Structure formats: C-alpha cells, structure tokens
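Fold and geometry: a report
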Amino acid sequence: MSRPLHFGKPKVSAKNDAKCDKHDRNTDKQFTEKVALLARMRARVEGDAYVKAGTVGAEVRTVHELVDSDEKLRPKCGAGEPNEPVYEWARNVNCPSCLGT
C-alpha cells in the first residue's frame, strides 16, 4: 500500500526550518569531506608509479603509454596524427614501442 501524498508534514515553523537547514549543512559537510578523501585517494593511485594508458583514433587494440605534451595527452611513441583524438583507458599498455623506451 502506498503512502498518501500528505504523509509528510510541511515546513511551517521556524523549528522545522532550522532542522532542515542543519540537515543541509551536514550534507554539504559530508560532500566536502568525500571530495577531499577522493582527491587524496586519487593522488595515491596517480603517484609516480601511475602510467596513463590510452588509444589513438580508431585503433583501439593498441594501447599506448600517454604523456603530457602541450597540455594534451599524446602517445609516448608518437603514434597517430597530431589532430587525432586520444582516449584514456584503464588498460595495460601493449604497444611495443612504448614499452621498449
């Protein structure tokens, strides 16, 4: 059986408004703490040992190691055209040129 639409009490007094504001502040605080925790976790994972891997253009079988080049991610081995899109993946690098250098 479903609840009637008037089941919840409307906010009509200052006391109820204060409770809702407190709930909103707690929600904001929890969200802020969660974002900070995720940033710390990401920094640990993406430390010195973290290797960005991805594909270039339509070739999705060969996964290259990506390095920052002019604020863009480009393959370490120089594969692909300069205007081809680069897609970052959570996959293992399998390009022989990227692995060899």
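Computed from a predicted model, the values in this text were never measured in an experiment. (Residues numbered from 1 in each chain as written. Predicted model: local features only at pLDDT ≥ 70, side-chain atom pairs only at ≥ 80, totals over all residues. Heavy atoms only, no water.)

What about the overall build of the protein?
Broken down by element type, the protein carries two helices and four strands. Starting at the N terminus and walking to the C terminus, you meet the elements of the protein as α-β-β-β-β-α. Residues classed as buried in the protein amount to 14% of the 101 residues present. With an accessible surface of roughly 8800 Å², the protein has 54% of that area assigned to carbon and sulfur atoms. (Helix = DSSP H or I, 4+ residues; strand = E, 2+ residues; numbered from the N terminus. Buried < 20%, exposed > 50% of the residue type's maximum accessible area, 1.4 Å probe, protein only. Areas by Shrake-Rupley, 256 points an atom, 1.4 Å probe, with all protein chains shown as cover.)

With respect to the packing of aromatic side chains
The geometry of an aromatic ring pair comes down to the distance between the two centres and the angle between the two planes. Tallied over the full model, the rule gives zero aromatic pairs. Directly above the aromatic system of Trp89 lies the positively charged group of Arg91, at a separation of 5.3 Å from the ring centroid. (Phe/Tyr/Trp six-rings, centres within 6.5 Å; stacked < 30°, edge-to-face > 60°. Lys NZ or Arg CZ within 6 Å of the ring centre and 35° of its normal.)

Some words on the sheet that holds strand S4 (residues 86-89)
Strand order in the open sheet formed by four strands is S3-S2-S1-S4, and the pairing between neighbours is antiparallel. Edge strands, defined here as strands with exactly one partner in the open sheet, are strand S3 (72-75) and S4. Going across the sheet, the axis of each strand differs from the next one's by a mean of 50 degrees, ignoring polarity. Across three bridges, strand S1 (residues 53-56) lies against strand S2 (residues 59-69) in antiparallel orientation. The residue bridging Gly54 from the neighbouring strand is His64, located in S2. (Pairing = 2+ DSSP bridges. Axes fitted to C-alpha atoms, helices over the stretch in contact; angles between N-to-C directions.)

Looking at the confidence of the model for the protein
Averaged over every residue, the pLDDT of the protein is 78; residues scoring 70 or more account for 70%. Mean pLDDT values over the elements of the protein span from 71, in helix H1 (residues 14-45), up to 93, in S1. (pLDDT = per-residue confidence, 0-100.)

A word on the pattern of salt bridges
Side chains that carry opposite charge are capable of pairing whenever their charged atoms lie near each other. In this structure the tally under the stated criterion is one salt bridge. We note a salt bridge from Lys76 to Glu65, for which the minimum N-O separation is 3.7 Å. With a gap of 11 residues between them, Lys76 in the loop between S3 and S4 and Glu65 in strand S2 connect regions that are remote in the sequence. (Salt bridge = Lys/Arg side-chain N within 4 Å of Asp/Glu carboxyl O.)

Describing a nonpolar patch on the surface
Taken together, the side chains of Leu37, Leu38 and Met41 present a nonpolar region at the surface, about 260 Å² in accessible area. With respect to the secondary-structure elements, Leu37 resides in helix H1. Taking relative accessible area as the criterion, Leu37 reaches 40% and is therefore assigned partly exposed. (Patch = residues over 30% accessible without salt bridge, like charges linked within 9 Å, V, L, I, M, F, W, Y side chains within 5 Å.)

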